[in-house]
Amino acid sequence: MTLRSFTLHDQIERNALLHGGCTAFVADGQALTHAQYAARVASLAGGLAGAGIAAGDRVAILAHNGQAYVDLIGAAARLGAIVVPINWRLSSEEVAYVLSDTTPKLLIAAPDMQPLVAGAELAGVRKYTTGPGEDAGTGWSALAGLYLERAAPTPAVIADDAGLLIVHTAAVGGRPRGALLSHRGLLAAAGKSVHAWNLTSADVQVGVLPLFHLAGIGMTLALMAAAGATVLLPRFDPKAVVELIDEQRGSVMGSFPPMLGAVLDAAAAAGSKLRGLRIMTGIDAPDTLARFAAECPHASFWVAYGQTETSGSVSTSPYADRPGSAGLPVEQHTVAIVDDEDRPVALGMAGEIVVRGPMVFNGYWNCDADNAFTFRGGWHHTGDMGRFDADGYLWYVGRSAAKELIKPGGENVYPAEVERALLEHPALSEAIVFGVPDAQWGEAIKAVCVLKPGQTLAAEALIEFVGQRIARYKKPKHVVFVAALPKTAAGGADRAAVKAAHAAV
């Protein structure tokens, strides 16, 4: 470690020293204290080092939430290596792209997810399974064999601005970009959550958000920063969530539509008041938030604005403080609103949200041109539009023209990626994709398509076609066929006119 740096490895060692007997994780039916977790991290780091992993090397993981996931992140932190969490909802083609983009030296995959990497180029990549034993004849070794009894290597000498995670964001131009997140940024985000929510070692996270998602990793790191505990659930199960809150005093949870509504339904069915719950955070519809406030008055729902590129939330507040806003900017970060020329706009006016501070990511992996554009003028340009009110609350307004983002159930989907998949169908000549309101998922994907002359195609068949090529959460929910798309003066499809004409669900 360097003189003025504090890394995730330092945090893990600090917890072991000061809170060694307190629970750190409950996963896979087993509870581990902070001291036991630190020992597992050191053990796995020794095995990874023996497998050739060193500072700067990438290690990819494709698995549901479990102890192996957090062990790997801790071990990578000790070695200075970089973890690539892969979204298991992606198609095999998308998974292959993430692997080719990051060129990991080692891949860890759950047995049921190994088919997702069947089409990837894995020559020279060491493959390990989280299953109970080796998969004979397949080239997959047991991850358990990497946990060594001998002493782990000396922690790597790295600065806290070294990369720890590469998290791939939605595909702006048809391909996802890997955001390189540093120890400094992730720990700064964790510290902001500890401060905002008054987290202590007594808090317990309901770890239901997937760890391939920054929200899931970020909340887990926040509980680690507070020396609290995280109970990792491999899948979202509303009944199990209610039991965890009631029986293990789960106090903190993240949520994306329609999770909160399902938890409230399960609690009502069980006669539970969710008394252990203290903090809920995420996004949801106003009527669901009103129900949460009525049924759980002892808890507060926190809204926020952030993105993968900011390592977490750069603004946050209880929803009740200013309903509809994204909260107040967090400490030690500057959030501003600028116009198309990067000039500050007047108070109350809308413009692009730009950010400066330690939580800003290191850049997109292998995307120098994108980084130059994103970091122009000494700011991180989010591509999102917002405004400030007179009291300093940030209001999210929408997406810039360059970032037509759709968020079904909290996931990020860019129209360009869906349009590319749609136009692979031989019957289509044109397609425009955009988001529409959706009661269950918050936002849904709608496609307006033009068929080639003489072609016929059912909407259901086209939706399934897309679902076979990219992650199924990216497929359109609504498809409309039209004779032609309106055009701009330059001759291209007029996206704004298409959205205005077909905004109704």
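Above this note sits the structure.
Residues numbered from 1 in each chain as written. Predicted model: local features only at pLDDT ≥ 70, side-chain atom pairs only at ≥ 80, totals over all residues. Heavy atoms only, no water.

1. A word on the overall build of the chain
Right, on to step 1. Counting its regular elements, the chain contains 13 helices and 24 strands.
Right, on to step 2. Taken against the 2.2 N^0.38 rule, which gives 23 Å for 505 residues, the C-alpha radius of gyration of the chain at 23 Å falls within 12% of a compact globule.
Right, on to step 3. If one aligns the C-alpha atoms of the chain with their principal axes, the spans along those axes are about 70 × 55 × 50 Å.
Right, on to step 4. Considering the chain as a whole, with its 505 residues, one finds that 56% of them fall into the buried category.
Right, on to step 5. Long-range contacts, defined as pairs at least 24 residues apart, comprise 64% of the intrachain contacts of the chain with a sequence gap of at least 6.
Right, on to step 6. Between the mean site of the 40 positive side-chain charges and the mean site of the 48 negative ones, the chain shows a separation of 0 Å. (Helix = DSSP H or I, 4+ residues; strand = E, 2+ residues; numbered from the N terminus. Rg over C-alpha atoms; globule rule 2.2 N^0.38 Å. Buried < 20%, exposed > 50% of the residue type's maximum accessible area, 1.4 Å probe, protein only. Contact = heavy atoms within 4.5 Å. Lys, Arg positive; Asp, Glu negative; His and termini not counted. Charge placed at Lys NZ, Arg CZ, Asp CG, Glu CD.)

2. Points about the pattern of salt bridges
Right, on to step 1. Across all of its chains, the model carries 21 salt bridges by this definition.
Right, on to step 2. Where D391 meets R322, a salt bridge forms, and the shortest distance between an N and an O atom there is 2.9 Å. Here D391, found in the loop between strand 20 (380-388) and strand 21 (394-399), pairs with R322, found in the loop between strand 15 (312-318) and strand 16 (328-329); they are 69 residues apart in sequence, far enough to count as distant.
Right, on to step 3. The exposure class assigned to D391 is exposed, which follows from its relative accessible area of 51%.
Right, on to step 4. Across the salt bridge formed by K487 and E430, the nearest N and O atoms sit 2.5 Å from each other. Of the two residues, K487 sits in the loop between strand 24 (478-482) and helix 13 (495-501) while E430 sits in strand 22 (residues 428-438), which places them 57 residues apart along the sequence. (Salt bridge = Lys/Arg side-chain N within 4 Å of Asp/Glu carboxyl O.)

3. Considering the sheet that holds strand 11 (residues 229-232)
Right, on to step 1. The mixed open sheet is built from nine strands, whose spatial order is 2-1-11-10-12-13-14-15-16. If you trace the sheet from one side to the other, it starts and ends with strand 2 (30-33) and strand 16, each paired once.
Right, on to step 2. With two bridges joining them, strand 1 (residues 23-27) and strand 11 adopt parallel strand pairing. The partner of V26 across the bridge, within strand 11, is V231.
Right, on to step 3. Helix-sheet contacts for helix 6 (residues 214-225) involve strand 1, strand 10 (204-207), strand 11, strand 12 (252-255), strand 13 (279-282), strand 14 (300-307) and strand 15, and the interaxial angle to strand 10 is about 160°. (Pairing = 2+ DSSP bridges. Axes fitted to C-alpha atoms, helices over the stretch in contact; angles between N-to-C directions.)

4. Topic: the packing of aromatic side chains
Right, on to step 1. Under the defined criterion, the tally for this structure stands at six aromatic pairs.
Right, on to step 2. When the ring of F292 is compared with that of F301, the centres are 6.1 Å apart and the planes differ by 75°; the resulting orientation is edge-to-face.
Right, on to step 3. By relative accessible area, F301 is classed as buried at 6%.
Right, on to step 4. Each ring, one from F361 and one from Y364, has its centre 4.8 Å from the other, and the planes form 70°; the classification is edge-to-face.
Right, on to step 5. Classification of F361 by relative accessible area gives buried; the value is 4%.
Right, on to step 6. Taking the relative accessible area as the measure of exposure, Y364 reaches 6% and is therefore buried. (Phe/Tyr/Trp six-rings, centres within 6.5 Å; stacked < 30°, edge-to-face > 60°.)

5. Looking at the sheet that holds strand 20
Right, on to step 1. Pairing is antiparallel across the open sheet formed by four strands, whose spatial order is 17-18-20-21. The sheet is open, and its two edges are formed by strand 17 (334-338) and strand 21, each paired on a single side. In this sheet, neighbouring strand axes are inclined to one another by 50° on average, regardless of whether the strands run parallel or antiparallel.
Right, on to step 2. Taken together, the five bridges between strand 17 and strand 18 (residues 351-356) define a ladder with antiparallel strand orientation. Bridging from a neighbouring strand, I337 pairs with I353 of strand 18.

6. Examining the packing of helix 2 (residues 34-50) against helix 3 (residues 67-79)
The packing of two helices is summarised by the inter-axis angle and the distance between the axes.
Right, on to step 1. At a minimum axis separation of 8 Å, helix 2 and helix 3 run at an interaxial angle of 70°. When the axis of helix 2 is compared with that of helix 3, the two are roughly perpendicular. Taken as a pair, helix 2 and helix 3 cross one another with a handedness that is right-handed. Facing Y37, R40, V41, A42, L44, A45, L48 and A49 of helix 2, the residues of helix 3 in contact are Q67, V70, D71, L72, G74, A75, R78 and L79.
Right, on to step 2. Residue composition of the contact of helix 2 with helix 3, by class: 11 nonpolar, two polar and three charged. (Parallel < 35°, antiparallel > 145°, perpendicular 65-115°, else oblique. Left-handed = near helix turned anticlockwise from the far one by under 90°. Nonpolar A, V, L, I, M, F, W, Y, C, P; charged D, E, K, R; others polar.)

Everything listed here is a matter of geometry and, on its own, says nothing about what the molecule does.
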